[in-house]
Amino acid sequence: MHIQFDTPHQYVFIHEHVRHLLLVWPKEEKTQLYVAEWKDDTLWLRYPGETYTETVWDQVEPFFFQILKTEDREIHAVLGATFRHDNRLYAMYYNRDHPDDDLYFFEIRSQRLHEIPDEEYENVVQAFLLEYPEYMEKEK
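Keep in mind the model is a prediction, meaning the values are calculated, not measured.

(A) Seen up close, the layout of surface pockets. If you add up the space inside the second largest pocket, you get close to 260 Å³. Together, L68, K69, T70, I75, Y104, F105, F106, E115, I116, D118 and Y121 line the second largest pocket. The set of elements that each furnish at least two residues to the lining of the second largest pocket consists of β5 (65-69), β8 (103-109) and α2 (118-131). In terms of residue count, β8 provides more of the lining of the second largest pocket than any other element does, three residues in total. In terms of residue class, the lining of the second largest pocket is built from seven nonpolar, one polar and three charged.

(B) A negative patch on the surface, seen in detail. Taken together, E50, E54, D58 and E61 make up a surface patch of like negative charges. Here E50 shows up in helix α1 (residues 50-60).

(C) Quick peek at the pairing of β5. As defined by bridge partners, β5 adjoins strand β6 (residues 74-85) across five bridges and the pair is classed as antiparallel. Of the residues in β6, the one forming a bridge with F65 is V78. Remark: four residues form the turn of the hairpin made by β5 and β6, two consecutive strands paired antiparallel.

(D) Geometry of the pairing of β8. Burial of β8 is extensive: six of the seven residues sit out of reach of the surface. Hairpin geometry of β8 and strand β9 (residues 112-114) is characterised by an intervening segment of two residues between the two adjacent antiparallel strands and by a positive phi of about 55° at S110.

(E) Molecular detail of the nonpolar core. F64, F105 and F128 are the most contacted members of the largest nonpolar core, which has 36 residues in total. In this view, F64 contacts Y11, F13, L22, W57, A77, V78, L79 and Y93; residues no more than four positions away in its chain are not counted.

(F) Spatial organisation of the packing of aromatic side chains. Per the stated rule, a full pass over the model turns up 13 aromatic pairs. When the centroid spacing of 5.3 Å and the interplanar angle of 65° are considered together, the rings of F105 and F128 count as edge-to-face. Of this pair, F105 sits in strand β8 while F128 sits in helix α2, placing them 23 residues apart in sequence. For the pair F105 and F128, one class covers both residues: buried. Each residue in the set F83, Y90, F105, Y121, F128 and Y132 is aromatic and connected to the rest through ring pairs, giving one cluster. A cation sits over an aromatic face here: K39 above W44, 5.9 Å from the ring centre.

Calculation criteria
- Residues numbered from 1 in each chain as written.
- Predicted model: local features only at pLDDT ≥ 70, side-chain atom pairs only at ≥ 80, totals over all residues.
- Heavy atoms only, no water.
- 1 Å grid on protein atoms, 1.4 Å probe; cavity = no way out; pocket = protein on both sides within 12 Å on 5 of 7 lines; lining within 4 Å.
- Points joined across faces, edges and corners; volume = space filled by probe spheres on them.
- Helix = DSSP H or I, 4+ residues; strand = E, 2+ residues; numbered from the N terminus.
- Nonpolar A, V, L, I, M, F, W, Y, C, P; charged D, E, K, R; others polar.
- Patch = residues over 30% accessible without salt bridge, like charges linked within 9 Å, V, L, I, M, F, W, Y side chains within 5 Å.
- Areas by Shrake-Rupley, 256 points an atom, 1.4 Å probe, with all protein chains shown as cover.
- Salt bridge = Lys/Arg side-chain N within 4 Å of Asp/Glu carboxyl O.
- Lys, Arg positive; Asp, Glu negative; His and termini not counted.
- Charge placed at Lys NZ, Arg CZ, Asp CG, Glu CD.
- Pairing = 2+ DSSP bridges.
- Buried < 20%, exposed > 50% of the residue type's maximum accessible area, 1.4 Å probe, protein only.
- Core = buried A, V, L, I, M, F, W, Y, C linked by side-chain atoms within 4.5 Å.
- Contact = heavy atoms within 4.5 Å.
- Phe/Tyr/Trp six-rings, centres within 6.5 Å; stacked < 30°, edge-to-face > 60°.
- Lys NZ or Arg CZ within 6 Å of the ring centre and 35° of its normal.

This is how it looks when you write it as structure tokens:
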């Protein structure tokens, strides 16, 4: 799956096994959230209502946008998916400026991101790829 927008303020992500589209309107300081469903080769957007929108945004907003720091650069990362593995909640991130670059994974606890120990990281990545095989191409 690859979706490209003309402007940098639209984000497709998966939360609780539901694909969403987040539209950010920076000038108006407003966000809109839609449920996004593939039917044939068309992505259909459905407004799920104010209560649903507020609930989902409250759950993901604290960690949706991140700046990941490596030894040589900063990466502006965006939440691509949340998923569960071994009764723990994880987040997959991608580079906002270069979405085809590597994916990054963290554990979510108490609305905060935590690094995954090296010995568990590969299992988490494999669990994600089993659940969402459409991302397999990104990992190659």
